[in-house]
Amino acid sequence: MLHTINKSPFERNSLDSCLRLSVKGSPILLIEDGVLAATRGTSVSDKMATAMNDHPMFVMGPDLQARGIAGDSVADGITVIDYGGFVDLVVEHGTVQSWL
Amino acid sequence: MAETEIEFDTAGITKKFMYVNRKAPYGTIYALEVLEAVLISAAFEQHACIVFIDDGVYQIKKGQNTDAVNMKNFSKTYGIIAMEKEDADEDEDMDMVWRIIVEKESMEARGLTADDFVIDVEVIASTELAAIMAEQEIVISG
């Protein structure tokens, strides 16, 4: 199962709920305002680093670019993908749970 | 134009659906939209886990009164879900498993207990609920 998060971790609890309710090994994709969780040096950076021990972590490049977040601002261990990469994840993992 | 009746041949096709409710009622349309999707699922005799997480637990809170806000109190409609579950449980010819689940952590964080809900629910901790979620075939979120 692929988990997507489209809300900012600074505004909503979508990231927390996703981490609480996703099994180890399931990939997480940050999209739309969810990409804000991928940046370095934030109040959720430690939480993200811990999460990456259990989950492959992806972030949508176009959503980063739209928000003026450069690639070198993305924390280590997070894979930046494009729309084609999103499709690949869905094809590979089948079921999607959207944390809205 | 002549009226044609469309038939859907869904015999033998049963999938595991999960409906994830995470928003309080009335503030947004999410709760009502997911509820309508659940009722459609019942018509097609699919397996369903209806789960209430985060503020979604308020959807089934007892004592809702929407008279003064001019909105329809749809908390009573969850009773239909409970009835569908009873049908699924009791009818041996029906290949349909329904579960109504509240996440323990979300319930407790809001000072609620299972007695506060309009329907009977299973209260399940997050670790176990994560495993149930992982085995679903289709997840509809709100």
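To keep things clear, this report deals only with the structure shown in the data block.

What counts, and at which threshold
- Counting starts from 1 at the beginning of each chain's written sequence and moves along it residue by residue.
- Chains and ligands are labelled by the order in which they are written, letters from A for the one and numbers from 1 for the other.
- Where local features are concerned, this predicted model is filtered to residues with pLDDT of at least 70; where side-chain atom pairs are given and counted, the filter is 80 or more; whole-chain, interface and lining totals use all residues.
- Side-chain measures were taken over the full set of non-hydrogen atoms in the model, leaving aside hydrogen atoms and water.
- Contacts between residues were defined by any pair of non-hydrogen atoms, one from each residue, lying within 4.5 Å.
- Defined here as a combined quantity, buried area equals the accessible surface (1.4 Å probe) lost by two parts on assembly, summed across both.
- A pairing counts as a salt bridge when a side-chain nitrogen of Lys or Arg comes within 4 Å of a carboxyl oxygen of Asp or Glu.
- We call two N or O atoms a polar contact when they sit within 3.5 Å, provided that within protein one can donate a hydrogen and the other can accept it, with sequence-adjacent residues counted only if both atoms are side-chain atoms.
- Helix numbering and strand numbering both begin at the N terminus, where a helix is a DSSP run of H or I of at least 4 residues and a strand a DSSP run of E of at least 2.
- We call a residue buried when its accessible area falls under 20% of the maximum for its residue type, exposed when it is over 50%, and partly exposed in between, using a 1.4 Å probe and counting protein chains only.

## Observations concerning the interface of chain A and chain B
The figure often quoted for interface size is the accessible area lost as the parts come together. Listed by partner, the interface residues are 16 residues for chain A and 22 residues for chain B. Summed over both sides, the interface between chain A and chain B buries roughly 1400 Å², with carbon and sulfur atoms accounting for 55% of that surface. The three residues of chain A that bury the most area against chain B are A:Arg20, A:Leu21 and A:Leu100, which together make up 42% of that side's buried surface. Of the charged contacts, one joins A:Arg20 and B:Glu103 as a salt bridge, the two residues approaching to 2.6 Å between their closest N and O atoms. Connecting chain A to chain B are 12 residue pairs in polar contact (both at pLDDT 80 or more).

## What to know about the pattern of salt bridges
Going through the model one piece at a time under the given rule, you end up with 13 salt bridges over all chains. For B:Asp54, the salt bridge goes to A:Arg20, with nearest N and O atoms at 3.2 Å. In this pair, B:Asp54 is assigned in the loop between strand E2 (47-52) and helix H2 (78-90) and A:Arg20 in helix H1 (residues 14-21), connecting two distinct chains. On the accessibility criterion, B:Asp54 (4% relative accessible area) is buried.

## Observations concerning the environment of B:Ile124
All names here are of chain B. Residue placement: Ile 124 occurs in strand E4 (residues 122-124). Taking the C-alpha atoms as reference points, Ile 124 and Asp 91, 33 residues apart in sequence, are found 25 Å from one another. Not counting residues within four places of it along the chain, the set of residues in contact with Ile 124 comprises Arg 99, Ile 101, Val 102, Glu 103, Lys 104, Glu 105, Leu 129 and Ile 132.

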